[in-house]
Amino acid sequence: MRLLILLLLLGSAASAQDDKIRLWLRGDDFGYTHASNMAMEKAFDEGFMSSASLLVPGPWFSESATLAVAHPDWNVGVHLTITSEWNVLRWRPVSPISAVPSLVAPDGYLYTSGYRPGPADPAGLRATHMPNLAEVEREFRAQIGRAKSSGLDIRYVDCHMGMACREDMLPITLKLAAEHCIPIAGKQSFPAMQNFGL
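Structure report, in brief. Predicted model, so just to flag it, every value in this text is computed and none were measured. (Residues numbered from 1 in each chain as written. Predicted model: local features only at pLDDT ≥ 70, side-chain atom pairs only at ≥ 80, totals over all residues. Heavy atoms only, no water.)

1. Some thoughts on the overall build of the chain
Keep this limit in mind: Numbering of helices and strands runs from the N terminus, with a helix taken as a DSSP run of H or I at least four residues long and a strand as a DSSP run of E at least two residues long. The cut-offs for exposure are 20% and 50% of the maximum accessible area for each residue type, with area from a 1.4 Å probe on protein chains only; residues under the lower value are buried, those over the upper are exposed, and the others partly exposed. Here, Shrake-Rupley sampling with a 1.4 Å probe gives the accessible areas, and only protein chains in the shown set may cover a residue.
Summing up its helical and strand segments, the chain has 6 helices and 6 strands in all. Reading the chain from its N terminus to its C terminus gives the helix and strand order α-β-α-β-α-β-β-β-α-β-α-α. In the chain, which comprises 198 residues, the proportion classed as buried is 44%. As presented, the chain carries roughly 10,200 Å² of accessible surface, and 61% of it is formed by carbon and sulfur atoms.

2. Notes on the environment of tyrosine 111
The condition is simple: N or O atoms within 3.5 Å of each other form a polar contact, as long as, within protein, one can give a hydrogen and the other can take it, and as long as residues adjacent in sequence are counted only when both atoms are side-chain atoms.
Here tyrosine 111 shows up in the loop between strand 3 (76-80) and strand 4 (113-114). Once the C-alpha coordinates of tyrosine 111 and leucine 125 are considered, the two residues, 14 residues apart in sequence, prove to be 5.2 Å apart. A polar atom in the side chain of tyrosine 111 sits 3.4 Å from the backbone oxygen of valine 104.

3. Notes on the side chain of serine 95
On the secondary structure map, serine 95 appears in the loop between strand 3 and strand 4. At 2.8 Å, the side chain of serine 95 and the side chain of glutamate 139 are in polar contact.

4. Details of the sheet that holds strand 1 (residues 26-30)
Paired through backbone hydrogen bonds, the strands of a sheet run either parallel or antiparallel to each other. Note the cut-off: Only when DSSP finds a minimum of two bridges between them are two strands counted as paired. Every angle, taken between N-to-C directions, lies between 0 and 180 degrees, and every axis is a line fitted to C-alpha atoms, over only the stretch in contact when it is a helix. The contact criterion used is simple: two residues touch if any of their non-hydrogen atoms lie within 4.5 Å.
Spatial strand order, 1-2-3-6: 4 strands in an open sheet with parallel pairing. Only two strands of the sheet have a single neighbouring strand rather than two, namely strand 1 and strand 6 (157-159). Averaged over all adjacent pairs, the angle separating strand axes in this sheet is 30°, with direction ignored. The pairing of strand 1 with strand 2 (residues 51-54) spans 3 bridges and is classified as parallel. Across the sheet, residue phenylalanine 30 finds its bridge partner in strand 2, namely leucine 54. Strands strand 3 and strand 6 of the sheet are contacted by helix 4 (residues 133-149), whose axis makes an angle of about 155° with strand 3.

5. A word on the nonpolar core
Test applied: By convention a nonpolar core is built from buried Ala, Val, Leu, Ile, Met, Phe, Trp, Tyr and Cys residues, the set being connected through side-chain atoms within 4.5 Å.
Formed by 45 residues in total, the largest nonpolar core has its most connected members in Phe30, Val78, Ile82, Phe140 and Val157. Apart from residues no more than four positions distant in its own chain, phenylalanine 140 is found in contact with Leu80, Thr81, Ile82, Ala164, Ile172, Thr173 and Leu176.

6. Let's talk about unusual backbone geometry
Generally, phi is negative for residues other than glycine and the peptide bonds are trans, each holding for most cases. One non-glycine residue, aspartate 29, adopts positive backbone phi at about 60°. On the secondary structure map, aspartate 29 appears in strand 1. The exposure class of aspartate 29 is buried, given its relative accessible area of 8%. Even without being a glycine, cysteine 181 presents a positive backbone phi close to 55°. The residue cysteine 181 is located in the loop between helix 5 (170-180) and helix 6 (190-195) in this model. Its relative accessible area of 72% is what places cysteine 181 among the exposed residues.

7. Some words on the pairing of strand 2
So the rule is basically this: Clockwise travel from the first strand over the helix to the second, with the strands pointing away from the viewer, marks a crossover as right-handed.
Neither face of strand 2 is open: one carries Ser51 and Ser53, the other Ala52 and Leu54, and all of them are buried. This β-α-β element, strand 1 to helix 2 (residues 34-45) to strand 2, shows right-handed connectivity. Pairing analysis gives 3 bridges linking strand 2 to strand 3, with the strands arranged parallel. Directly across from leucine 54, in strand 3, lies its bridge partner valine 78. Taken together, strand 2, helix 3 (residues 61-70) and strand 3 constitute a β-α-β crossover, and its handedness is right-handed.

Read these as layout, nothing more, since geometry by itself doesn't imply function.
Quick look at the structure:
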């Protein structure tokens with residue numbers, strides 16, 4: 001809901017500048033499921049979708065990367081993530097678990113959310129601690145590296161669930177974007193994201 005409000009606010013500000021109607025439709029979590037990959041392929045092919053954010057640790061990453069490489073005209077970026085928010089279909093880090101233990105829940109998958117001090121989570125799936133920033137950088141580097149090694153032409157990076165754009169992680173995201181000479185999608189909205197608690 002917060003993302004929808006943010007998009008509406010940003011869209012309203014952009015449309016107030018002129019009277020043309022513009023819509024940039026970005027597919028989210030490309031690589032999450034086979035069905036979503038097929039839907040995004042159709043949306044690209046039919047001209048509805050302008051961009052897609054690739055979830056590199058996602059269960060269907062290989063298929064989505066193959067599709068993106070086969071369509072070099074598609075605008076695809078890496079959706080930097082340290083969370084796996086769903087209950088029934090989750091993903092592990094790209095890095096070895098032993099290299100990023102502060103990012104991994106007791107069940108071996110990325111935490112569902114959190115990374116802020118808070119009350120204990122009985123299931124242990126929500127992080128109630130701050131992430132180790134060296135591990136965050138290691139994981140983000142691994143995600144970009146895996147995408148590049150698949151042959152993908154990365155057009156941008158962006159922030160899954162806002163995590164990579166949080167104040168504590170943003171310097172890592174900026175550093176990696178600069179190293180790889182790629183923009184950060186939505187960078188102009190960082191102050192607005194902070195207002196929504198992201």
